[in-house]
Amino acid sequence: MDFDAIMREAAKWDTAAWMETGGKIADDSGNIVSPTCNEFQRDVSDIIKWCHEHERPCRMIILKPRRKGSSTVSVGAGYTRLQAQRATGCIAGGSHYQGGKLFDMLKIYARNDSINPKTCKVQDMVARFNNGSSMDRMTLANAAAGRSGGYQFLVVTEMALLSNEGVANAPEVVSGLLKTVKF
């Protein structure tokens, strides 16, 4: 097995390992840099890895303070999950497309991935992976948003602000979306 194959296998279900060895992020100045994961990001990565190794479903709700890397690790987890095995994912936000910034982060991951180069093309509303995986970007302004998605990975951003962002009946919309996530 060559070095690249070894790196791909080692980082396959380890988001933190992928982020630090093959991933890039935009820093506060907009420069594309290699990240160093913080303790919180490592914990998230370890939970995902443990669930995969023990064949357990993985559902996390992350309530976080701002600027601690939650979005970075969440999008990274989706990116590595969809690289590892064919699946569908979704990044959802309020009616003003709050998920746009997370999709921009996904674009940076895809464009700069040194472990799985050129295996994901991120467009405006969907990312397509060479293995058949896809990540949708959607607004939750529609009461039936994502109901037919059958997702294996889901990020809902700024959930506490959905009602303020034009999502009528936000609790019901999110509840319906969560029910589409397969184990």
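Structure: see above.
How each quantity is defined
- Residues numbered from 1 in each chain as written.
- Predicted model: local features only at pLDDT ≥ 70, side-chain atom pairs only at ≥ 80, totals over all residues.
- Heavy atoms only, no water.
- Helix = DSSP H or I, 4+ residues; strand = E, 2+ residues; numbered from the N terminus.
- Axes fitted to C-alpha atoms, helices over the stretch in contact; angles between N-to-C directions.
- Parallel < 35°, antiparallel > 145°, perpendicular 65-115°, else oblique.
- Left-handed = near helix turned anticlockwise from the far one by under 90°.
- Contact = heavy atoms within 4.5 Å.
- Core = buried A, V, L, I, M, F, W, Y, C linked by side-chain atoms within 4.5 Å.
- Buried < 20%, exposed > 50% of the residue type's maximum accessible area, 1.4 Å probe, protein only.
- Pairing = 2+ DSSP bridges.
- Phe/Tyr/Trp six-rings, centres within 6.5 Å; stacked < 30°, edge-to-face > 60°.
- Polar contact = N/O pair within 3.5 Å; in protein donor to acceptor, adjacent residues only side chain to side chain.
- Salt bridge = Lys/Arg side-chain N within 4 Å of Asp/Glu carboxyl O.

J.: Is there a simple way to explain unusual backbone geometry in this structure?
T.: Phi at Glu-55 takes a positive value of approximately 50°, unusual for a residue other than glycine. You can see Glu-55 is positioned in the loop between helix H3 (39-53) and helix H4 (70-84). Even without being a glycine, Lys-118 presents a positive backbone phi close to 55°. Of note, Lys-118 is situated in the loop between helix H5 (99-112) and strand S4 (120-122).

J.: In this structure, what is going on with the packing of H4 against H5? I would like to understand it.
T.: When two helices pack together, their arrangement is given by the angle between the helix axes and by the axis-to-axis distance. Packing of H4 against H5 leaves a shortest axis separation of 10 Å and a crossing angle of 55°. What the angle tells us is that H4 and H5 run oblique. Between H4 and H5 the crossing geometry is right-handed. Residues Ser-71, Thr-72, Val-75, Gly-76 and Tyr-79 of H4 form the contact with H5, whose participating residues are Leu-102, Met-105, Leu-106, Tyr-109 and Ala-110.

J.: Teacher, can you tell me more about the nonpolar core here?
T.: Side chains of a nonpolar character, in soluble globular proteins, are inclined to be buried together. By size, the foremost hydrophobic cluster in this structure holds 28 residues, and its most contacted members are Tyr-79, Leu-106, Ala-127 and Met-135. Elements with a contribution of two residues or more to this core: helix H2 (15-21), H3, H4, H5, S4, strand S5 (126-129) and strand S7 (153-156). Of the residues forming this core, the biggest block, 6 residues, is contributed by H5. Excluding residues within four positions of it along the chain, Tyr-79 makes contact with Trp-18, Leu-106, Tyr-109, Ala-110, Asp-113, Asn-116, Thr-119, Cys-120 and Phe-129. Grouped together as the second largest cluster of nonpolar side chains are 14 residues, Cys-90, Ala-92, Ala-145 and Val-167 included.

J.: Can you help me understand the sheet that holds strand S6 (residues 134-139) in this one?
T.: Strand pairing in a sheet takes place through backbone hydrogen bonds and is either antiparallel or parallel in direction. Read across the sheet, 5 strands follow the order S4-S5-S6-S3-S7 without closing on themselves; strand pairing throughout is mixed. The open sheet terminates on both sides in strands that have one partner only, identified here as S4 and S7. Within this sheet the neighbouring strands show an average axis-to-axis angle of 10°, counted without direction. Here H4 sits on the sheet in contact with strand S3 (88-93), S4, S5, S6 and S7, set at roughly 165° to S7.

J.: Explain the packing of aromatic side chains here, please?
T.: How two aromatic rings sit relative to each other is given by the distance of their centres and the angle of their planes. Per the counting criterion, the structure on display carries 4 aromatic pairs. Arranged with centres 5.0 Å apart and planes meeting at 40°, the rings of Trp-18 and Tyr-79 form a pair that is tilted. With Trp-18 in helix H2 and Tyr-79 in helix H4, the pair connects residues that are 61 residues apart, well separated along the chain. Residue Trp-18 shares its accessibility class with Tyr-79, and that shared class is buried.

J.: What exactly am I supposed to notice about the side chain of Arg-137 here?
T.: Relative to the helices and strands, Arg-137 resides in strand S6. A polar contact of 3.0 Å, which involves the side chain of Arg-137, links it to the backbone oxygen of Asp-124.

J.: Looking at this structure, I do not really get the pattern of salt bridges. What am I missing?
T.: Considering all chains together, one arrives at 3 salt bridges under this definition. Between Glu-20 and Arg-42 there is a salt bridge; the shortest N-O distance is 2.6 Å. Of this pair, Glu-20 sits in helix H2 while Arg-42 sits in helix H3, and the two are 22 residues apart along the sequence. Note on Glu-20: relative accessible area 30%, which makes it partly exposed. Judged by relative accessible area, Arg-42 falls into the partly exposed class, the value being 34%. The partner of Asp-124 in a salt bridge is Arg-137, and the shortest N-O contact between them spans 3.4 Å. Pair noted here: Asp-124 is in the loop between S4 and S5 and Arg-137 is in strand S6, with a separation of 13 residues, a long-range link.

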